[in-house]
Amino acid sequence: MSGAPAPAWLRWLPVGLLVLIPLLQILVERPVDLGFLLGAIPPLATLGYGPLGTTLFSTAVLVLLNISEVNLDRPGQADLVVVTFVAVLSIAISWMRQRRAAQLTTIRTVAEAAQLAVLPPLPPRVDGVRCAGLYRPAQRGTLVGGDLFDVRRGPYGVRALVGDVQGHGIAAVGTVTSILGAFREAVLDEEDLAGVAARLDRRLVVDAEDAAAGAITVARVPEGDPDSVVGEPPAGQRSDPTSGELFATALLLEFRPHSAEVRVVSCGHPAPVLLRGTTAHEIEVQPSPPLGLGIAGVARPVERGVPLQPGDRVLAVTDGVTEARNDADAFYPLVDRAAQLAAEDPAELIAAIWRDLVAYARTIDDDVALLVFAPDPEGEEPDTGTVTGEVLDTREGTNKEARGEG
């Protein structure tokens, strides 16, 4: 069957009943009749087998009911009709389940391809910067939510974006796509990060104006109905002109070639953390308003340069990390924990922080993005392909699952 395979116990259950029921009937004395229990086998078979397997189990049941040596009373005409009806119905249900599973598999494959086109894998190295990242959407079963990141090489060096748009889940993917598209163009054109931020801000302002004017509408697919076609929504589902507000927080980083510093711009986003050896502290950045408020083009964000030493790592996160709470309702102490978990390898550091966050937090209800950048200009040669962000989808729906307890 298509889709996830059935648990082993569910596949063995019809087999066990097919053997156990006739055996018990032979051992027990009359007038106990256990033959009616065989009627449960075809429906059970639909849960673990396809139409062919269900047909085989149904045939075996009908044969056993008509073998007198097994001591199962030969059913009367009415009983045989009922069992046959249940068997045929089970085969039909199994066929429909298999067809539905194939449709869902196709839909999920297309959806994953589209989402990975938005956030393709992050290479371990972009020019002179080693990178590692983890992305965990809040909405179960998706690869992209309301957080976003991208890493691009351009004429002015390696630039990175970490952001968090309004909302999360599938509803936020459109805004994420819009911001990433604007960022990828601005990386090539703008001479400084303030200019990049202004371009992103303008993109959101224009999108919000289009939404308010009704030029952008969202077709809602009924939940649980993947066969529905996304198209022009009914009049009652058009975008409300009053809901055309789009905004996002963003953190922009720049690593220029032959420069021992990182340049930072924050648009309402949590400050990055600088790890040096076993110490960690937030980089003080003058915060600018979030993107989408139409301010970046007037009051340009303030860009700050921070000197770096060999071995330094820069940690950027979204508020899904900083606003995670424990049972005492205390926020996750990112700076303190990052210093305790400091590891030279970016991937090891990301993995350690994620494990610690899952163990600390009562629940994680928001999208989570964790990225580490480690300038290493004398490392191995960079990749030559297109680069952007990595989606390390954990797909845990709860903290318990993330810990491996469920």
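The name recorded for the protein in an unreviewed UniProt entry is Serine/threonine-protein phosphatase, from Streptomyces odorifer.

Undergrad: Which parts of the structure should I look at to understand the nonpolar core?
TA: Ranked by size, the top nonpolar core spans 49 residues in total, and within it L161, L200, L252, L253 and F373 carry the most contacts. Counting residues per element, this core draws most heavily on helix α5 (residues 173-189), at seven residues. Beyond its immediate sequence surroundings of up to four residues, L253 is in contact with V158, R159, A160, L193, V262, R263, V264, V314 and F373. Formed by 26 residues, the second largest nonpolar core is a distinct cluster that contains A280, V317, I350 and L357.

Undergrad: What should I look at first to understand unusual backbone geometry in this one?
TA: The phi angle of most residues is negative, glycine excepted, and most peptide bonds adopt the trans form. Of note in the backbone geometry, D127 takes a positive phi value of approximately 50° without being a glycine. As for its position among the elements, D127 is in the loop between β1 (125-126) and β2 (129-136). Positive phi is not limited to glycine here, since D329 has a value of about 65°. Relative to the helices and strands, D329 resides in the loop between α7 (319-322) and α8 (334-340). The exposure class assigned to D329 is partly exposed, which follows from its relative accessible area of 42%.

Undergrad: What is the right way to read the side chain of R159 from this model?
TA: Mapped onto the fold, R159 is located in strand β4 (residues 157-165). Look at R159 and you get buried, because its relative accessible area is 1%. Polar side-chain contacts of R159 include one of 3.2 Å to the backbone oxygen of E191. Looking at R159, its side chain comes within polar contact range of the side chain of E254, at 2.7 Å.

Undergrad: What's the story with the sheet that holds strand β3 (residues 147-154) in this structure? I'm lost.
TA: What links the strands of a sheet is backbone hydrogen bonding, and the strands pair in either a parallel or an antiparallel sense. Read from one edge of the open sheet, five strands run β3-β4-β5-β6-β9, paired in antiparallel fashion. Looking at the sheet topology across the chains shown, the edges are occupied by β3 and β9 (304-307). On average, each strand axis in the sheet is inclined to that of its neighbour by 20°, with strand direction left out of account. Bridge analysis of strand β6 (residues 261-267) against β9 gives four bridges, and the strand direction is antiparallel. What sits directly across from R263, in β9, is G305. Packed onto the sheet, α5 meets β3, β4 and β5 (248-255) and runs at close to 15° relative to β3. Sitting on the sheet, helix α6 (residues 193-212) touches β4, β5 and β6, and the angle it makes with β5 is about 155°.

Rules and cut-offs
- Residues numbered from 1 in each chain as written.
- Predicted model: local features only at pLDDT ≥ 70, side-chain atom pairs only at ≥ 80, totals over all residues.
- Heavy atoms only, no water.
- Core = buried A, V, L, I, M, F, W, Y, C linked by side-chain atoms within 4.5 Å.
- Buried < 20%, exposed > 50% of the residue type's maximum accessible area, 1.4 Å probe, protein only.
- Helix = DSSP H or I, 4+ residues; strand = E, 2+ residues; numbered from the N terminus.
- Contact = heavy atoms within 4.5 Å.
- Polar contact = N/O pair within 3.5 Å; in protein donor to acceptor, adjacent residues only side chain to side chain.
- Pairing = 2+ DSSP bridges.
- Axes fitted to C-alpha atoms, helices over the stretch in contact; angles between N-to-C directions.

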